[in-house]
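Each chain is listed here by its residues.
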Amino acid sequence: MNLAHWLERSAAVFGERPAIARGRVAVCSYREFAASAARAAAWLHEQGLVPGDRVGFFLANQPDYLRLLWGAWWAGMVAVPINARLHGREAAFILSDCAATMCFADASHADKLAGHVPGACRIIEEHPFLDAVSGPETLAPAPIAARAEDDDAWLFYTSGTTGKPKGVRLTARNVRWMTMAYLAEVQPVAPGDAMLHPAPLSHGSGMYHFPYVLNGGINVLPESGGFDGAEIAALAAHWGNASLFAAPTMVRRLVDWARTRPGPLPGLATVVYGGGPMYLADIEDACAVLGPHLAQIYGQGESPMTITVLPKHVIEDRAHPRHRERLASVGYPQPMVELSIRAPDGTRLPTGEAGEVCVRGEVVMKGYWNQPHATEETLRDGWLRTGDIGRLDADGFLTLLDREKDLIISGGSNIYPREVEEALLRHPAVAEVSVIGAPDAEWGEIVVAYVVAHAPVGENELDGHCLEHIARFKRPRRYRFVEALPKNNYGKVLKTELREQERAAAAH
């Protein structure tokens with residue numbers, strides 16, 4: 001089944017209901033949304049693309065993003081959303097790796113790609129074919145392309161232990177079960193309910209637009225293109241029954257804004273938080289300020305948004321004897337997955353023991369794009385090995401303890417130390433470097449670089465160097481210049497020791 005059948009169904013059932021808005025202004029109805037997608041599909045076919053081709057999306061949140069996305073699915077293509085904050089070189093790597101035929105971009109992101117994009121990939125900045133008035137008169141809407149249950153639909157790039165992005169292959173089956181999980185456990189969606197998108201459509205927020213398309217809700221793109229507490233509150237009040245997906249950094253900013261304006265936030269339904277660690281004190285603070293609107297999810301690109309859930313009714317159950325313990329957890333398994341804690345050899349561990357979090361179910365990815373070895377390592381005996389360490393309590397609540405990988409999550413964005421290290425090592429003055437994450441009240445974690453230099457170099461120079469090679473949000477926020485890095489007998493850098501040093505330095 002092609003995902004576009006959902007949009008076709010909604011156009012028939014919800015017709016003139018608003019489907020997409022920018023700020024307070026509705027951009028198109030469901031009937032117009034479907035017509036745009038059908039015209040985009042026809043245009044793609046005219047360009048010579050065929051079902052299964054990969055199409056990139058490297059642009060900021062805007063209404064055309066969704067119309068183009070559904071046009072690609074209508075045509076049977078595989079969507080490859082790319083984080084709009086990436087460096088052009090990083091985005092070009094993704095387009096090259098998946099052999100994308102085409103990439104939709106806005107002007108600023110097309111400029112980023114200049115000089116980096118693979119020659120076989122066309123960059124498309126203008127989209128007149130979406131508009132039935134100004135579009136080509138001869139362009140007739142295309143029928144929905146036939147697609148099988150397990151054909152790729154969404155190719156989500158995430159980084160692995162090497163720091164190189166890997167394409168997570170998500171099928172129509174995966175996306176449908178993910179959508180059902182949201183409706184079953186996070187919250188129901190009724191026609192006219194709103195999903196606000198201050199977070200990138202290329203990631204979690206984009207995943208959470210599906211239930212709203214399916215059930216006739218409205219997807220709202222803030223005019224600012226990002227996150228602003230006052231704007232979010234105004235949009236919630238305007239549209240009513242409005243929800244959003246937010247990284248912990250966004251939740252803290254919304255709390256800081258709301259604290260200056262006592263009283264409930266009219267129109268706010270649910271703030272679904274995830275994508276990084278949320279400290280207990282922050283959760284309690286958010287509950288006190290925002291009221292009964294918080295729900296947590298834990299997932300990965302490989303099992304999108306669907307491993308565990310801590311729903312609103314659990315967060316608000318203050319009478320429970322282990323309420324604070326549950327707040328510090330990531331909830332219990334979602335209904336679409338089976339979860340177990342396992343030892344390195346795959347043995348299931350008993351309740352209370354720490355081990356690797358493993359899941360299986362209809363939402364787990366098909367595999368990694370063109371990486372059979374990585375797929376075999378991650379999908380073992382039918383189980384997704386998440387690389388996260390956690391333990392289950394007697395009631396089935398999962399508490400995450402650590403990450404097997406050295407992943408840093410800052411403001412909800414994944415940052416891999418080796419990627420930053422490799423960028424810094426390109427500077428001629430840098431002899432050795434090791435990158436770790438350090439706790440931060442605003443961002444969750446910040447990037448800290450421990451640098452051994454064999455020539456004079458300052459923070460500003462290294463910062464400018466990083467900006468030439470990696471995205472701005474990945475650069476170190478703090479540099480520590482040291483004479484040597486701590487290492488074991490095999491020459492491996494001891495990051496645990498660096499973290500201890502960082503904690504000690506922060507304490508003073």
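Further up the page is the structure itself.
Since the structure is predicted, the reported quantities are computational estimates derived from the model, not experimental observations.

## Here's the deal with the pairing of strand E4 (residues 78–81)
Two faces, one strand: in a regular strand the side chains alternate between the faces of the sheet. Residues Val-78 and Val-80 of E4 are buried on one face, and the alternating residues Ala-79 and Pro-81, pointing to the opposite face, are buried as well. With respect to chirality, the unit in which strand E3 (residues 54–58) leads through helix H3 (residues 63–74) into the neighbouring parallel E4 is right-handed.

## A look at the packing of aromatic side chains
Scanning the entire structure with this criterion turns up 18 aromatic pairs. For the pair Tyr-182 and Tyr-212, a centre-to-centre distance of 6.2 Å together with 65 degrees between the ring planes defines the contact as edge-to-face. Highlighted residues: Tyr-182 in helix H6 (residues 172–186) and Tyr-212 in helix H8 (residues 210–214), separated in sequence by 30 residues. Exposure remark for Tyr-182: the relative accessible area of 1% places this residue in the buried category. Of the residues examined, Tyr-212 reaches a relative accessible area of 1% and is grouped as buried. A connected cluster of aromatic rings, assembled from ring pairs, spans Phe-14, Tyr-30, Phe-33, Trp-70, Trp-73, Trp-154 and Phe-210. Seen from the ring of Tyr-368, Lys-166 lies directly overhead, with NZ or CZ sitting 4.9 Å from the centre. Stacked on the ring of Trp-383, the Lys or Arg Arg-342 has its end atom at 4.3 Å from the ring centre.

## Some words on unusual backbone geometry
The backbone of Ala-99 sits at a positive phi, close to 55 degrees, despite the residue not being glycine. Topologically, Ala-99 is positioned in the loop between helix H4 (88–97) and strand E5 (102–105). On the accessibility criterion, Ala-99 (44% relative accessible area) is partly exposed. With phi around 45 degrees, Asn-241 is a residue other than glycine that occupies positive phi space. The topology assignment puts Asn-241 in the loop between helix H9 (229–239) and strand E11 (242–246). Since its relative accessible area comes to 41%, Asn-241 is described here as partly exposed.

## Quick look at helix H17 (residues 495–507)
Helix length check: H17 (13 residues) gives 18 Å between terminal C-alpha atoms against 18 Å at 1.5 Å per residue, within 8%. Among the residues of H17, those classed as buried are Lys-495, Leu-498 and Glu-502. Take H17 and look down its axis: the buried residues cluster within an arc of 50 degrees, on one side only. Away from its buried face, by an angle of more than 90 degrees, H17 presents the exposed residues Thr-496 and Ala-507.

## Section: the environment of Trp-73
Position of Trp-73 relative to the elements: it lies in helix H3. Given the relative accessible area of 2%, Trp-73 is considered buried. With 104 residues separating them along the chain, Trp-73 and Trp-177 place their C-alpha atoms 17 Å apart. Beyond its immediate stretch of four places on either side in the chain, Trp-73 contacts Asn-2, Leu-3, Ala-4, Ala-79, Ala-153, Trp-154, His-209 and Phe-210.

## Here's the deal with the nonpolar core
With 124 residues, the main nonpolar core has Phe-33, Phe-57, Trp-70 and Phe-104 as its most contacted residues. For this core, the element with the highest residue contribution is helix H2 (residues 30–46), accounting for 10 residues. Excluding its chain neighbours within four sequence positions, the residues that come into contact with Phe-104 are Trp-43, Leu-44, Val-55, Gly-56, Phe-57, Phe-58, Leu-59, Leu-68, Ile-124, His-127 and Phe-129. Residues Cys-98, Leu-113, Ala-429 and Ile-470 belong to the second largest nonpolar core, which totals 36 residues.

## Some words on the pattern of salt bridges
Inspection of the entire model under this criterion finds 28 salt bridges. The closest approach of N and O atoms between Arg-173 and Glu-149, which form a salt bridge, is 3.8 Å. Pair noted here: Arg-173 is in helix H6 and Glu-149 is in the loop between strand E6 (122–124) and strand E7 (152–159), with a separation of 24 residues, a long-range link. We classify Glu-149 as partly exposed; its relative accessible area is 28%. Of the charged contacts in the structure, one is a salt bridge between Arg-259 and Asp-256, with a shortest N-O distance of 3.3 Å. One end of the pair is Arg-259 and the other is Asp-256, both in helix H10 (residues 248–259) and three residues apart, which spans about a single turn. Owing to a relative accessible area of 40%, Arg-259 belongs among the partly exposed residues under this scheme. Among the ionic contacts, a cluster of salt bridges with common partners joins Glu-149, Asp-150, Arg-173, Arg-176 and Glu-362.

## Digging into the sheet that holds strand E26 (residues 478–481)
Pairing is mixed across the open sheet formed by three strands, whose spatial order is E24-E25-E26. What marks the edges here is a single partner per strand, and that holds for strand E24 (430–440) and E26. Strand-to-strand twist in this sheet, taken as the mean axis angle between neighbours without regard to direction, amounts to 25 degrees. With four bridges joining them, strand E25 (residues 444–453) and E26 adopt parallel strand pairing. Paired with Tyr-450 across the two strands is Arg-480, which belongs to E26.

## Observations regarding the environment of Trp-70
Locating Trp-70 in the fold gives a position in helix H3. Judged by relative accessible area, which is 0%, Trp-70 ranks as buried. Through-space distance from the C-alpha of Trp-70 to that of Val-451 is 46 Å; in sequence the pair is 381 residues apart. Sequence-distant contacts of Trp-70, that is, excluding residues within four places in its chain, are made with Leu-3, Ala-4, Trp-6, Leu-7, Phe-33, Ala-37, His-209, Phe-210 and Val-213. A distance of 2.8 Å separates the side chain of Trp-70 from the side chain of His-209, its partner in a polar contact.

So, how was this worked out
Residues numbered from 1 in each chain as written. Predicted model: local features only at pLDDT ≥ 70, side-chain atom pairs only at ≥ 80, totals over all residues. Heavy atoms only, no water. Buried < 20%, exposed > 50% of the residue type's maximum accessible area, 1.4 Å probe, protein only. Helix = DSSP H or I, 4+ residues; strand = E, 2+ residues; numbered from the N terminus. Right-handed = clockwise from strand over helix to strand, strands pointing away. Phe/Tyr/Trp six-rings, centres within 6.5 Å; stacked < 30°, edge-to-face > 60°. Lys NZ or Arg CZ within 6 Å of the ring centre and 35° of its normal. Expected span 1.5 Å × (residues − 1). Arc of directions from axis to C-beta. Contact = heavy atoms within 4.5 Å. Core = buried A, V, L, I, M, F, W, Y, C linked by side-chain atoms within 4.5 Å. Salt bridge = Lys/Arg side-chain N within 4 Å of Asp/Glu carboxyl O. Pairing = 2+ DSSP bridges. Axes fitted to C-alpha atoms, helices over the stretch in contact; angles between N-to-C directions. Polar contact = N/O pair within 3.5 Å; in protein donor to acceptor, adjacent residues only side chain to side chain.

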